[in-house]
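# Working through the structure, step by step
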Amino acid sequence: KTSRTPPVTPGGRKIVRFADILGLDLSSVKIFSDQIPRIPKAAFEDLDVNMSDYEVGSPISKQSFLPNPTPAVTTTSLVPMFNQPGGESHFFQTLMDRKVCLENAFMDGPSAIFGVVRVLNISFHKSVTVKWTVNDWSTVAETRCQYVKGSSKGNTDKFSFKLVMASLAVGSRVQFCLKYDCEGEHWDSNAGNNYVFQVFLNSSRQSVHIAKPQPMPKFNLMTRPHQARPFHPTNSPSQTEDDPWLRFM
């Protein structure tokens, strides 16, 4: 016997293979293409998605993601056309002279006005009434004021009121004055000008955030995928030099 390898057939191809202890190949060859893989529909069965919105085998939605025109939202504001009397340095002197005086008033909803009135405590029996109009005194409404408990300060008391009206058109004006019945009639009409609120338009647009579709991440098939970690009006209605609106600008 000889230890020499028998000669091979001339021109024959010699193949060398490496195996492990079990006889299996130590290496494997895989060929990858540059094309996007087509995912079968069965892979989406456990997901909460509507497959009719997706291309067959593709994770990219075919829905349109262009935002719709943003709807305009229109609201109105009741703006006081006077300085709040309670903020004036001579407020209590005015109260002593008139016996009744509006302290403050402001918008309380699109079609409501809330106000506070301070009166001189002349006697125990007293009542305060708001006379108001939305059509320049063609018609007049009256609202009874309510006493504010625990509001007595020195020789004065507070009353509150709320005027509720129907929807008003832009440019409408709400005018009111105060009547105080206590050992006679006492009035506060803002020195004859009445207290005026005017309706102005507020226009704003609601911003709509449109989320862009996110493509599925690309994974290396040889490794495990990485797990993710858990109202200002532009014009004053007054044409006089002493424009109360300018004091709000």
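As the structure is a computational prediction, the values presented were derived from the model and not from experiment. (Residues numbered from 1 in each chain as written. Predicted model: local features only at pLDDT ≥ 70, side-chain atom pairs only at ≥ 80, totals over all residues. Heavy atoms only, no water.)

## Quick word on the overall build of the protein
When you go through the protein residue by residue, the secondary structure sums to 1 helix and 10 strands. Each of the 249 residues in the protein was classed as buried or not, and the buried ones make up 29%. (Helix = DSSP H or I, 4+ residues; strand = E, 2+ residues; numbered from the N terminus. Buried < 20%, exposed > 50% of the residue type's maximum accessible area, 1.4 Å probe, protein only.)

## Looking at the sheet that holds strand β2 (residues 100–107)
Sheet strands associate in pairs through backbone hydrogen bonding, adopting either a parallel or an antiparallel arrangement. If you walk across this open sheet you meet the 4 strands as β2-β3-β7-β6, and the pairing is antiparallel. A strand with exactly one partner marks an edge of an open sheet, and here the two such strands are β2 and β6 (146–147). Here β2 pairs with strand β3 (residues 112–120) via 7 bridges, running antiparallel. Bridge pairing in β3 places Val100 opposite Val119. Of the strands in this sheet, β2, β3 and β7 (156–164) are in contact with helix α1 (residues 91–98), which crosses β2 at around 125 degrees. (Pairing = 2+ DSSP bridges. Contact = heavy atoms within 4.5 Å. Axes fitted to C-alpha atoms, helices over the stretch in contact; angles between N-to-C directions.)

## Brief notes about the nonpolar core
With 25 residues, the main nonpolar core has Leu102, Phe161 and Phe176 as its most contacted residues. Within the residue set of this core, elements represented by two or more residues are β2, β3, β4 (127–133), β7, β8 (173–181) and β10 (195–205). Of all the elements, β8 adds the most residues to this core, at 4 residues. (Core = buried A, V, L, I, M, F, W, Y, C linked by side-chain atoms within 4.5 Å.)

## Examining the confidence of the model for the protein
Any region with low pLDDT has predicted coordinates that should not be read closely. In the predicted model, the protein carries a mean pLDDT of 77, and 64% of its residues have values of at least 70. In this model residues 231–241 is a low-confidence stretch, pLDDT under 50, and it forms 18 contacts with partners more than four residues away in sequence or in other chains. Across residues 245–249, confidence stays below pLDDT 50; counting only partners more than four residues off in sequence or on other chains, it has 10 contacts. (pLDDT = per-residue confidence, 0-100.)

## Points about the side chain of Lys126
Along the chain, Lys126 falls in the loop between β3 and β4. Judged by relative accessible area, Lys126 falls into the buried class, the value being 18%. Here the side chain of Lys126 touches Asn121 through a polar contact of 2.9 Å, side chain to side chain. Setting aside its immediate chain neighbours within four residues, Lys126 contacts Val119, Asn121, Asp157, Phe159, Tyr180, Asp181 and Cys182. (Polar contact = N/O pair within 3.5 Å; in protein donor to acceptor, adjacent residues only side chain to side chain.)

## Here's the deal with a nonpolar patch on the surface
On the surface, a nonpolar cluster with roughly 370 Å² of combined accessible area is contributed by Val16, Phe18 and Leu26. With respect to the element layout, Val16 can be found in the segment before β1 (72–80). The exposure class assigned to Val16 is exposed, which follows from its relative accessible area of 60%. (Patch = residues over 30% accessible without salt bridge, like charges linked within 9 Å, V, L, I, M, F, W, Y side chains within 5 Å. Areas by Shrake-Rupley, 256 points an atom, 1.4 Å probe, with all protein chains shown as cover. Salt bridge = Lys/Arg side-chain N within 4 Å of Asp/Glu carboxyl O.)

## Some points on the environment of Glu103
Along the chain, Glu103 turns up in strand β2. Judged by relative accessible area, Glu103 falls into the buried class, the value being 13%. For the pair Glu103 and Gly87, spaced 16 residues apart in sequence, the C-alpha separation works out to 7.9 Å.

## A word on the pairing of β4
Summarising burial for β4: 7 of the 7 residues are buried, a large majority. In β4, alternate side chains face the same way, and those of Ser127, Thr129, Lys131 and Thr133 on one face and Val128, Val130 and Trp132 on the other are all buried. As paired strands, β4 and β8 are joined by 7 bridges and run antiparallel to one another. In the strand pairing of β8, Ser127 is matched with Asp181. When β4 meets strand β5 (residues 141–144), the two strands line up antiparallel, connected through 4 bridges. Residue pairing in the sheet places Val130 in a bridge with Thr143 of β5.

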